[in-house]
Amino acid sequence: MHGTRPPKPPARAISVRLARDPNDLMTVTAIRSAVYLAEQDCPIEEEFDGNDLCAAHFLGYIGNEPAGCLRVRFFGEFAKIERLAVRHQFRRTRVSFKLVQAAVDYIKRKGFKKIYGLAQDRLVNFWAHFGGRPLEGGRKVTFSDFSYTEMVFDIEPGPDAITLQSDPYVIIRPEGDWDRPGVLDLSAEREVTSPLRNLAGA
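Residues numbered from 1 in each chain as written. Predicted model: local features only at pLDDT ≥ 70, side-chain atom pairs only at ≥ 80, totals over all residues. Heavy atoms only, no water.

Structural notes on the pairing of strand β8 (residues 146-154)
For the record, the criterion: When DSSP finds two or more bridges between a pair of strands, those strands are recorded as paired. Each helix is a run of DSSP H or I of at least 4 residues and each strand a run of E of at least 2, with the numbering of both proceeding from the N terminus.
Bridge count for strand β5 (residues 114-120) against β8 is seven bridges, and the pairing is antiparallel. Across the sheet, residue Gln120 finds its bridge partner in β8, namely Tyr148. Bridge count for strand β6 (residues 133-134) against β8 is two bridges, and the pairing is antiparallel. Residue pairing in the sheet places Pro134 in a bridge with Met151 of β8. Of the strand pairs in this sheet, strand β7 (residues 141-143) and β8 are connected by three bridges, and their pairing is antiparallel. Within the sheet, the bridge partner assigned to Val141 lies in β8 and is Tyr148. As consecutive antiparallel partners, β7 and β8 are separated by two residues, and within that stretch Ser144 has a phi angle of approximately 45 degrees, a positive value.

Have a look at this one:
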């Protein structure tokens, strides 16, 4: 008699989540290497441009298999969506749409009103599905052997957007996981004492 196996998610189930640890960043690196370095022959120093440790990364899965990724960086007036990559065997799925929608929802939650991006010219219509339009007076941008169109998205912050009036415990929760109490919420249940109180006279 065979042992009981844990249930698997449906084979085609799509899920998206934020990258949270070094293993997740290694997965992002593997996906982007497969797409941009192997398929598009992008030089490694151009693909891994020094911005990965100051950005939010999303991972898209088909079942349990990492299928795609996307990067978001933040500026004063806008957020920038970039580095969308989907492994070739998953390009007939909707994982790219799910990745972009998750990123847009996340950006709205952070209270931004504009998204900026650079779309390969052949993919302008893809980004139009999410409300993107060529930037008026946009400049022609070329890098890593491709031509790009500047895109802008006008968005409304979500009704639950995080502001200075938000609960401070929400603000200090793990990034993107704002609706669930975090470790610092739990620490607030302890009596207030400072571990440094005995050092005052030192």
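There is more to say after this.
Quick look at the nonpolar core
Put simply, the rule is: Definition of nonpolar core: a set of buried residues of the types Ala, Val, Leu, Ile, Met, Phe, Trp, Tyr and Cys, connected through side-chain atoms within 4.5 Å. Working definition: with a 1.4 Å probe on protein chains only, accessible area under 20% of the residue-type maximum means buried, over 50% means exposed, and in between means partly exposed. Residues are treated as being in contact if the distance between any of their heavy atoms lies within 4.5 Å.
In terms of nonpolar packing, the biggest core is built from 32 residues, with Phe58, Leu70, Val72, Ile81, Val100, Ile107 and Trp127 touching the most fellow members. Listing elements by their share of this core, those giving two or more residues are β2 (56-62), β3 (65-74), β4 (79-86), α3 (95-109), β5, α4 (124-128) and β8. Considering every element that reaches this core, the biggest residue donor is α3, with seven residues. When near neighbours in sequence (up to four residues on either side) are disregarded, Ile107 contacts Val72, Phe74, Ala79, Ile81, Phe112, Ile115 and Ile155. In this structure, Ala19, Val28, Val35 and Tyr61 belong to the second largest nonpolar core, which totals ten residues.

Topic: a nonpolar patch on the surface
For clarity, the cut-off: A residue counts toward a patch only above 30% relative accessible area and without a salt bridge, and it is joined to like-charged neighbours within 9 Å or, for Val, Leu, Ile, Met, Phe, Trp and Tyr, to nonpolar neighbours within 5 Å. Areas reported here follow the Shrake-Rupley algorithm with a probe of radius 1.4 Å; residue values treat only the protein chains shown as occluding. The term salt bridge refers to a pairing of a side-chain nitrogen on Lys or Arg with a carboxyl oxygen on Asp or Glu at a separation within 4 Å.
Side chains of Tyr169, Ile171, Ile172, Val183 and Leu184 sit close together on the surface and give an oily, nonpolar patch of about 460 Å² of accessible area. Counting only elements with at least two residues in the nonpolar patch, the list comes to α5 (168-171) and α6 (183-187). With respect to the helices and strands, Tyr169 occurs in helix α5.

Here's the deal with a negative patch on the surface
Operational definition: His is not counted, nor are the chain ends; Lys and Arg add positive charge and Asp and Glu add negative charge. A charge is said to be at NZ when it belongs to Lys, at CZ for Arg, at CG for Asp and at CD for Glu.
On the surface, Asp41, Glu45, Glu46 and Asp145 cluster together to form a negatively charged patch. Residue placement: Asp41 occurs in the loop between α1 (22-39) and α2 (44-47).

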